[in-house]
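Letter by letter, the chains look like this.
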Amino acid sequence: MFQSLEWRNEKLSYLAVKICLAVDITLSLKAFRLFFNHEQIRTMSRVKRRTTHPPYWHVLKNNQRTDEKISSDNLRFVQEVIQDKYKNKSPIKGSDLDIEKTEWDPKTKRSGVIARNIGVQHMWEKDGKKVICTVLHVLDNHVIRYVPPEEYAKSVIGAKMFKNRKPLGCLVVGAEASNPERFTRQYCSLFDEVGLLPKKRLARFIVTPNAALPPCTPLTAGHFVIGQAVDVYGKTIDYGFQGVVKRWGFKGGPASHGTTKFHRRGGTIGTGRDKARVWPGQKMPGHMGSERRFNRGLKIVRINMKYNIIYVKGTVPGPTNSIVQIFDTALPRRKFTEAPPHPTYFPPEDGTLPQEDIWDSSLHVFGSPSISV
Amino acid sequence: MLRRAVLQTFRQGLAQSFFKRYAVSLTETTVTHQPIETSDEAGEKSVPTQKTGDESGNTVVVAPPEFRFIYPEFLPDPAMERRNRLREKLERMDMLQRRSVIEIPEFYTGSIMAVTVADANSPNKFARFVGICIQRGGSGLRAWFILRNVVDKQGVEILYEMYCPLIQKIEVLRLERRLDESLLYLRDALPEYSTFPMDMEPERRLNNSVVPINPLKVKLRPRPWLERWERQNLQGVEDLNLPQRFYDRAEKVAKPWEKYDLMLHYRKTIPAEEQEKIFAEVHSQLQQQELKRKLRRRRGSDNEY
C-alpha cells in the first residue's frame, strides 16, 4: 500500500528521505493513528523534521551585501544593464516550442505547479450547502530545465528514490520573477540559459519522460481540469514552542477544585516497571508546526483563467500568503480517466480566448437565480 | 454649507498634505482635484456621482462617504495576516454578482426586517421570518446578521448569511437605528421590546436622506442576566438600578485607556484611503443595479394601472 512513491517531491530534506519514504503517509493522515506502530514512532522521533538550511548542493541565493554606497548614477546604470539583459519576451505559443507530440496514458505523471495560498472563500453548492474553498493563485511559473531520467538517477536524491525502480525525469520549475539585484550571481546564473528573470521560488517535479516540457514553458491555471482531484503540498502553520495540550491534544488537569499547578501539564511519562525509562518518542512540549505536509484528494471546483486562480474544495497546509505546490492526485481512485491538457495547457492557436471563469457543475454560480428547494 | 465647512476643517490636515498641488476653490464644483471635497458634495443625495479630473486628464470616480455604512461587508477583515488584495477583489466581484440577482437593502442594527428563505421542510417550500436586527458582522461573502423575534412567548433568533443563495428576499420593514451597535441586551429585556408581528407591512420613510435614530431606552428584566450589562456602557438601556458594588467593580475592571489607544483602533479598521479605493471600485456597479431596480419598480407600479 505504501509502495507507490512516484509522487515524492524533491523538497524533502536529505536526512528525512530514507525513513519518510516508508512512513510519510502515516504522519500526514490522522486516520492512520489507528494503526499505531510503536517501532515507527520510535524511529521517527530520531528524525530531524525541520531544517533551516538548504541542502549542501544549493547555491547561495540571497544577496548578503549590506547597503553599499553607490552613487545614484551608478544605480541607474545597473538598472539599465538589468533591463537590457532581460528584455521582455513575447508570450510563447505551443507551436513555437519544440514539444514532441506525445500521447497521454494513465501512467503519465504531469508537472505540478507552484501557487500561493491567498486565502479562503465560502461558496455554496446547488443544494444550498456551504463549502469552504481555498483560493490558490498560480504564480508566473516557467520551466527552467528538464533533467532526463538517466541523469537524474545519478543525483543524490534521484539515486535514493529510484534505487530499485525505473527512474523518472525531473522538471525544475520557477515562480515569481523578481529583481536580480536581490540575488547572488550564482543564483541568477541558473536562469541565464533560459534568459528569464530570476525566480524567487524553485521546485522540482518528478515527471514521466512523455510529459517533459522544454525550458521557458509557462504553466498556468489551465494546466488543471475542473473537477479533478489534486494534492497540495505545503509547510504547515508555525506555532512555535507549544505545550502538550495544544501540540498533542492532551486533556491536562482540572481547572479548579483545588488543583495545584496542574492545569495544562502532561502528567506521567512512563511506568516504573518495564523498561524503567522514558521511551523515545514520548509526547512532550516542543516545536509545533512548520512541517511539510500533503493534503490529498482536494477537488478543483472553479478556475479563473484571467487571474490564474484555482479554487480548491477544502483547506491547504500553511498560512495565508504562503507558497504551496499543486500536483495531480496520487490517490488511485481519483486519478484521471480521460486525458488532461498534456503535457500542459496552451491557449488555442486561432486566438479565441478561453472561458474566463469555469465552475464545477456542483457549485452554485453567483450570478444565477437563488436556489429554490 | 455648515456641514461642509465642519467636515472641511476636520479633514483639512489630510487634504492639505495629500492634495497640496491640486488646491482649487470650492466654487468650482465641476472639476476639482480633491476627492474628499467632492465626496462631501456627492454625499448629498441629489448628486450621486462626481467625476473628478486627474492631472493627466483621466476621470476618477469617487463613491459617496455613506457607502461604508450602507455596505460595510465590502470592507475586508482588518487582520493583516489574512489579507490579500487579489482575493478581496475577486470576492467583491462575486458579491456584486450575487447582488445583481437579489436586492440586499440598506439596514442597520435596530431595523426590522423580513427574510424569505428556501426551506425543504416548510409546507410551501419557503420560510419567512420577521425580526429586529440585533447584530451584524462578517466581511465579504461571510457577512451575516441576526434577527430576533418572540414567537408564541418563545424568543427566537436566526442568523442569516447575507450572500447565501437560499435566501429569496430580504425586506426592510422599518429602517431605523438604535443608540447601540449591538442589541444583544434584548435577550434580557422584557419580551415586548423584541416582539414584532409576523405580518408586519413595510413602512414608508418620511425623510429619505437621513436614517432616524430611535432613542428608545429598553427596560431589562430583573437579574440574573446573560452578560454583565453594567460593564458595557449601553446607551439604549434604562437605568439598571443595581447595588453600588456592581458599578464599583465595573470601574475596577474597565479599560478607560483604550479610547486613547490609536494603534488598537488602527488595527481594527481599514485605512480611509483604502476604503475610498474599494468603494470607488464597486461604486458604479452598485449604482447601476440600484437604477435597474428603481426602473423595475416604476414599471411595476405603472403596470398596476
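These numbers were taken from a predicted model, which means no experiment stands behind them. (Residues numbered from 1 in each chain as written. Chains lettered and ligands numbered in written order. Predicted model: local features only at pLDDT ≥ 70, side-chain atom pairs only at ≥ 80, totals over all residues. Heavy atoms only, no water.)

Turning next to the overall build of chain B. From N to C terminus, chain B includes seven helices and seven strands. Start at the N end of chain B and walk to the C end: the helices and strands fall as α-α-β-β-α-α-β-β-β-β-β-α-α-α. In chain B, which comprises 305 residues, the share counted as buried stands at 38%. In chain B, once contacts between residues fewer than 6 apart in sequence are set aside, the share between residues at least 24 apart is 61%. (Helix = DSSP H or I, 4+ residues; strand = E, 2+ residues; numbered from the N terminus. Buried < 20%, exposed > 50% of the residue type's maximum accessible area, 1.4 Å probe, protein only. Contact = heavy atoms within 4.5 Å.)

For the rest of this paragraph, the subject is the overall build of chain A. If you tally the helices and strands in chain A, you get seven helices and 13 strands. Looking at chain A as a whole, 42% of its 373 residues qualify as buried. Considering only contacts in chain A between residues 6 or more positions apart, those separated by 24 or more positions represent 79%. For chain A, the accessible surface area stands at approximately 21,800 Å², while carbon and sulfur atoms represent 54% of it. (Areas by Shrake-Rupley, 256 points an atom, 1.4 Å probe, with all protein chains shown as cover.)

Moving on, we come to the interface of chain A and chain B. Residue-level contacts link 27 residues of chain A with 28 residues of chain B. Here chain A packs against chain B, burying approximately 2,300 Å² in sum over the two surfaces, 60% of which is carbon and sulfur. It is A:W124, A:F366 and A:V373 that lose the most area in chain A upon contact with chain B, and together they represent 26% of the buried surface on that side. Taken together, the links from chain A to chain B amount to two salt bridges. Between B:D94 and A:R302 there is a salt bridge whose closest N-O contact spans 3.0 Å. (Buried area = accessible area lost by both parts, 1.4 Å probe. Salt bridge = Lys/Arg side-chain N within 4 Å of Asp/Glu carboxyl O.)

With that settled, consider a positive patch on the surface. Together, B:R228, B:R231, B:R249 and B:K252 line one region of the surface with positive charge. The residue B:K252 is located in helix α5 (residues 244–253) in this model. (Patch = residues over 30% accessible without salt bridge, like charges linked within 9 Å, V, L, I, M, F, W, Y side chains within 5 Å. Lys, Arg positive; Asp, Glu negative; His and termini not counted. Charge placed at Lys NZ, Arg CZ, Asp CG, Glu CD.)

This brings us to the nonpolar core. If you look at the biggest cluster of nonpolar residues, it comprises 51 residues, and the most contacted ones within it are A:M123, B:F74, B:F145 and B:Y163. Excluding residues that lie within four positions of it along the chain, A:M123 makes contacts with A:K129, A:K130, A:V131, A:C133, A:V301, A:R302, A:Y311, A:W359, A:L363 and A:F366. The next biggest cluster of nonpolar side chains, apart from the first, holds 34 residues, and it includes A:I114, A:V143, A:F205 and A:I310. (Core = buried A, V, L, I, M, F, W, Y, C linked by side-chain atoms within 4.5 Å.)

As a further point, take the sheet that holds strand β7 (residues 167–174) of chain B. Residue and element names in this part refer to chain B. With antiparallel pairing, five strands are arranged side by side in an open sheet as β6-β5-β4-β3-β7. Whereas interior strands pair on both sides, the edge strands pair on one side only; in this sheet they are β6 (154–161) and β7. Pairs of neighbouring strands in the sheet enclose a mean axial angle of 35°, with direction left out of account. Direction of pairing for strand β3 (residues 112–118) relative to strand β4 (residues 126–137): antiparallel, over a ladder of seven bridges. Note on β4: the bridge partner recorded for V115 is F129. (Pairing = 2+ DSSP bridges. Axes fitted to C-alpha atoms, helices over the stretch in contact; angles between N-to-C directions.)

In this section: the environment of B:E171. Residue and element names in this part refer to chain B. One can find E171 in strand β7. The class for E171 is buried, based on a relative accessible area of 18%. Considered as a pair, E171 and R205 are 34 residues apart in the sequence and their alpha carbons are 14 Å apart. For E171, the contacting residues outside a window of four places in its chain are I112, M113, A114 and R128. In this structure the side chain of E171 is engaged in a polar contact, spanning 3.3 Å, whose partner is the side chain of R128. (Polar contact = N/O pair within 3.5 Å; in protein donor to acceptor, adjacent residues only side chain to side chain.)

Another aspect to go through is the state of the cysteines. Inspection of every chain in the model, using the stated rule, returns zero disulfides over all chains. Not engaged in a disulfide, the cysteine B:C133 finds its nearest cysteine sulfur in B:C164; these two sulfurs lie 17 Å apart. (Disulfide = S-S within 2.5 Å.)

Across the junction of A:H342 and A:P343, the peptide omega takes the value -5°, indicating a cis bond. Here A:P343 lies in the loop between β12 (322–328) and β13 (357–359). Cis geometry is adopted by the peptide bond preceding B:P224, which originates at B:R223 and carries an omega value of 10°. Mapped onto the elements of the fold, B:P224 is located in the loop between β7 and α5. Although it is not a glycine, A:H257 adopts a positive phi angle of roughly 60°.

Turning next to the environment of A:K85. Residues and elements named next belong to chain A. As for its placement among the helices and strands, K85 is situated in helix α3 (residues 72–85). The class of K85 is partly exposed, set by a relative accessible area of 48%. Taking C-alpha positions, K85 is 65 Å from T268, a pair spaced 183 residues apart along the chain. Side-chain polar atoms of K85 contact the side chain of Y86, separated by 3.4 Å.

Here chain B averages 83 in pLDDT, while 80% of its residues score no lower than 70. Here residues 9–54 of chain B is modelled with pLDDT under 50, and outside its nearest four sequence neighbours on either side it reaches 72 contacts, counting other chains as well. (pLDDT = per-residue confidence, 0-100.)

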